[in-house]
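Commentary on secondary and tertiary structure
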Amino acid sequence: LEENDGVLVDVADGTVSSSNDFVDRWSITACGGPHDISLTWDAMMRGLDLDLFLLDSYERVIDSSTMGANEERLTGVNLTAGEALFVEVRAVDTSGVSSLDYDITVSRAD
């Protein structure tokens, strides 16, 4: 984790920039079953683009969301209990913003 990244209760807070901090990667251990993963950032930052990826322990992409609104979401992703995974945030376009704040939430879908 970088200096300004951290976990607060059930939400991970981080920052990325397409000019100097292209990727953040968060390690999680699944509790099993269907999960929703959401990535959100400030609605005032319209036109800025972040992408969300779920990777397995070998860093292969399992699922992704690259729609480019102010939210990316993976819905109902079936995870195996105890499986080590990575949630990755990629800064596609932060239009010169040196540090774009975002939140990631991983929750059971049932």
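Read on for an overview of the structure. Computed from a predicted structure; not experimentally measured.

About the thresholds
Residues numbered from 1 in each chain as written. Predicted model: local features only at pLDDT ≥ 70, side-chain atom pairs only at ≥ 80, totals over all residues. Heavy atoms only, no water. Pairing = 2+ DSSP bridges. Helix = DSSP H or I, 4+ residues; strand = E, 2+ residues; numbered from the N terminus. Axes fitted to C-alpha atoms, helices over the stretch in contact; angles between N-to-C directions. Salt bridge = Lys/Arg side-chain N within 4 Å of Asp/Glu carboxyl O. Buried < 20%, exposed > 50% of the residue type's maximum accessible area, 1.4 Å probe, protein only.

The strand order S3-S8-S5-S6 describes an open sheet built from 4 strands, whose pairing is antiparallel. Strands with a single pairing partner mark the edges of an open sheet, and in this sheet they are strand S3 (23–29) and strand S6 (61–65). The sheet shows a mean angle of 20° between the axes of neighbouring strands, direction not considered. Relative to S6, strand S5 (residues 49–55) runs antiparallel, the two being bridged by 4 bridges. When the bridges of S6 are listed, Leu-54 appears paired with Asp-63.

This paragraph deals with the pattern of salt bridges. Pairing between side chains of opposite charge can happen when their charged atoms approach one another. Within this structure, the stated rule accounts for 5 salt bridges. Between Arg-25 and Glu-88 there is a salt bridge, and its shortest N-O distance comes to 2.5 Å. Note that Arg-25 is positioned in strand S3 and Glu-88 in strand S8 (residues 84–93), a separation of 63 residues in sequence. Residue Glu-88 is classed as buried on the basis of its relative accessible area, which comes to 2%.

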